[in-house]
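Each chain, written out:
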Amino acid sequence: MGGRTLDATTAGDRVEPVRDRSPGHKTGRSFLPTPTRRRRVPRGYESVDGIILTEPRIEAIRKELQAILKVAQLECDGQAVEVDGFRLREIADWADYPTSLSDIFWHLSSVCNFSCEFCYEKGNPADLPIQNMPRMATHEEIVTRLRHYDPRSGRGIFSLRTAINEPFANPRAIDYLRLMREKAPDELISFVTNGSYLTEEVVKGLGDLQPLFFNLSIYSVDPYVRRTVLRDRKGDTAVRAVELLAQHRIPFMTNLVMWPSIPFSDMENTIAHVAENRAAVVRVCLGGNSRYLPGDWEDFRIADYWPKVVAEVERIRDRYPIPILIEPNSFVRRDTEAVVDGVIRDSPADLAGIRRGDRIHSVNGVAIGSRMQLISELRRGAKNMFRPPGVVGMTAQVHSRGRETVLLGVRRDGVDRTYTLERHDPRSIGTYPYGQISSFDDFVLGLIVTDTLRYSSLKSARRILEHRKARRALVLTSELILPILRYMIDKTGAFAGFDVHVRVAENRYFGGNINIGDLLVVEDFVHAIGQFVEETGDTPDLVLIPASPFATSPWVRDLTGKPWTDIERLTGVPVEIVECSPLVF
Amino acid sequence: MSLPDDQSGEPYVWRFLLDEKPASEVIADPTVELLRVQWEQLLRLCVPLHDGQPVKVSSFALMRAPEKHIAIFPDDPE
């Protein structure tokens, strides 16, 4: 066959090698992913990188076609025909993927007009299957996605997994939001934006399209930091956007990433700015880098840096009437206590006098034993909604505005008090931002409670141990989660009677100082098992791994596209997966 | 009646029987039949393209025997 092959890695004319400037690359350690060429595809075709996690059946078709074309020539009326790609015959047959308007909105662009020094997308390994070429959705794509989206079932066309993007880089973003509103007038749409396109006209447009809630990744109010660290060339639009959003009463939360080149004074100035303009929540993200992030970060030790950031947040937090959260929260909250992490200004919880640090011991007479139980009780009746990638936190469904009175038992300084709170208290409903978000399930009563592990995961793990009659088991977790897991095991004796070893699986695939469990991949677990066997000289008869690193894919695959079952195949050790959700904070 | 705990027993497994001699078998050479069946099934799921445009396909030939044309859908009218 004289035509081009179906292999997207070579299908285009523009193939560029990826330059790996990481320190790890120089060492040539064996676990490094094999550097691959950046995938380019001809105009009109999709990169398969975007669907390997979300729709592996398409990749299976592609690979089978590629293989068969090596031995058989397709023909029409006896004449050879060239083939260089394929499309799905009936797209409606494939509209069974869990999705939402927020997810559809995500597809508007995979273009970002910033180039943040700390952008984790820049630190992705070269072989990470993600659509990372700048891509703007066509009008036909968005319309087709909307046509096949069923808001009742939350199903539609499969997602393309793309790098973090700026949706408003698509000049028709507001038009598409209007189309989405027509499709589902009451569905909450959430997204992440850097704010640099939020001009007065755009913000005004957004005001007519609620319910919206988004994560404004403002990062900094300092013009120098914005210019040099974020590479923001659009002046003070994002900083000014905060004021405009408040004027138009559009609710939002704010992200900061603390990074060595951003001064603490800027963090406080930024928090002051968003607090003054009534952002619902501000989240201070502790920066980290993979080994592939451009730049020299070998001396960046999070063990030194993160505690300093946390101490600074503690020093300033009481100056501002806004919940300030740390991400990852598991770095600062190493227990499961049902303690309030913050209260939204003028919310029913705020008006009642509930404060950060209060311990909730009952909800409507139900005794509360853990933070996750508290969250479940507060959101009783709420449906677990699909959260689009990158939109982290506080984006669950909109709840109907019926009368909802909640009786809270609160302990402070050893004294118990009882509060009666009305979710839609008229005194709160008239205020911004609570009035706009009172019906979002993530903001019940204005209480901010960060998530953590559930005790039900431990119960599941024990049931698996019993069912498999495990004699000696290995439980793998992440560096960040280990203290919480130990706390829970000690508290419950969940593994009493079993020889269970709990170990950390190192983030070797991403490397650098990454320590997040949800970024663990199959090869990290395989390595951890091998290391355990080498250290102890004994093979466990069962390995338990958390489900959350495989939660990005409905097909239960890791971020590289490998199914969790590969761990058992590669190690020869029986492996079971323990249900647990990715932590939002 | 309540549902049993999801971890308490083995999950039900749907099992499907293979035919000893598939009714759809139309070509004596099993290797060629393998390829024909693959094409038949793939073309029910997808449409081949060239330069982004659909390509009409009715048969195939083995690279090592290009003179022999094998119909993918034997039931198709000539």
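Data block above holds the structure.
The rules we used
- Residues numbered from 1 in each chain as written.
- Chains lettered and ligands numbered in written order.
- Predicted model: local features only at pLDDT ≥ 70, side-chain atom pairs only at ≥ 80, totals over all residues.
- Heavy atoms only, no water.
- Buried < 20%, exposed > 50% of the residue type's maximum accessible area, 1.4 Å probe, protein only.
- Helix = DSSP H or I, 4+ residues; strand = E, 2+ residues; numbered from the N terminus.
- Arc of directions from axis to C-beta.
- Contact = heavy atoms within 4.5 Å.
- Pairing = 2+ DSSP bridges.
- Salt bridge = Lys/Arg side-chain N within 4 Å of Asp/Glu carboxyl O.
- Axes fitted to C-alpha atoms, helices over the stretch in contact; angles between N-to-C directions.
- Parallel < 35°, antiparallel > 145°, perpendicular 65-115°, else oblique.
- Left-handed = near helix turned anticlockwise from the far one by under 90°.
- Nonpolar A, V, L, I, M, F, W, Y, C, P; charged D, E, K, R; others polar.

Because each turn of an α-helix spans 3.6 residues, side chains separated by three or four positions end up pointing in the same direction. Residue and element names in this part refer to chain A. For helix α6 (residues 173–183), the full list of buried residues reads Ala-173, Ile-174, Tyr-176, Leu-177, Met-180 and Arg-181. Along the long axis of α6, the arc covered by the buried residues comes to 155°, so they all point the same way. Contacts made by the buried residues of α6 are with α4 (101–106), α5 (139–147), β6 (189–193), α7 (200–207) and β7 (212–216).

Attention now moves to the sheet that holds strand β14 (residues 405–412) of chain A. Residue and element names in this part refer to chain A. Pairing is antiparallel across the open sheet formed by four strands, whose spatial order is β13-β12-β14-β15. In the strand order of this sheet, the two ends are held by β13 (366–367) and β15 (415–422), each with one partner. Bridge count for β14 against β15 is eight bridges, and the pairing is antiparallel. Note on β15: the bridge partner recorded for Val-410 is Arg-417.

This part covers the pattern of salt bridges. A side chain of one charge can pair with a side chain of the opposite charge if their charged atoms are brought near each other. All names here are of chain A. In this structure the tally under the stated criterion is 39 salt bridges over all chains. Of the charged contacts, one joins Arg-62 and Glu-59 as a salt bridge, the two residues approaching to 2.8 Å between their closest N and O atoms. With a gap of three residues between them, Arg-62 and Glu-59 both fall in helix α3 (residues 56–69), about one helical turn apart. Accessibility classification places Arg-62 together with Glu-59 in one group, the buried group. The partner of Arg-423 in a salt bridge is Glu-404, with the nearest N and O atoms 3.1 Å apart. On the criterion of sequence distance, the pair formed by Arg-423 in the loop between β15 and α14 (426–429) and Glu-404 in the loop between α13 (371–378) and β14 is long-range, its members being 19 residues apart. Here Arg-423 and Glu-404 have matching classes, each one buried. Because the salt bridges share partners, they merge into one network encompassing Glu-46, Arg-135, Glu-141 and Arg-145.

Turning our eyes to something else, we now look at the packing of helix α10 (residues 264–276) of chain A against helix α11 (residues 302–316) of chain A. Helix packing geometry: the angle between the two helix axes and the distance between the axes. Residues and elements named next belong to chain A. Two numbers describe how α10 lies on α11: the axes approach to 11 Å, and their chain directions differ by 40°. One element, α10, and the other, α11, form an angle in the oblique class. In this structure, the crossing between α10 and α11 has a hand that is right-handed. Of α11, the residues touching α10 (which contributes Phe-264, Met-267, Glu-268 and Ile-271) are Tyr-305, Lys-308, Val-309, Glu-312, Val-313, Arg-315 and Ile-316. Split into classes, the residues belonging to the contact of α10 with α11 amount to seven nonpolar, no polar and four charged.

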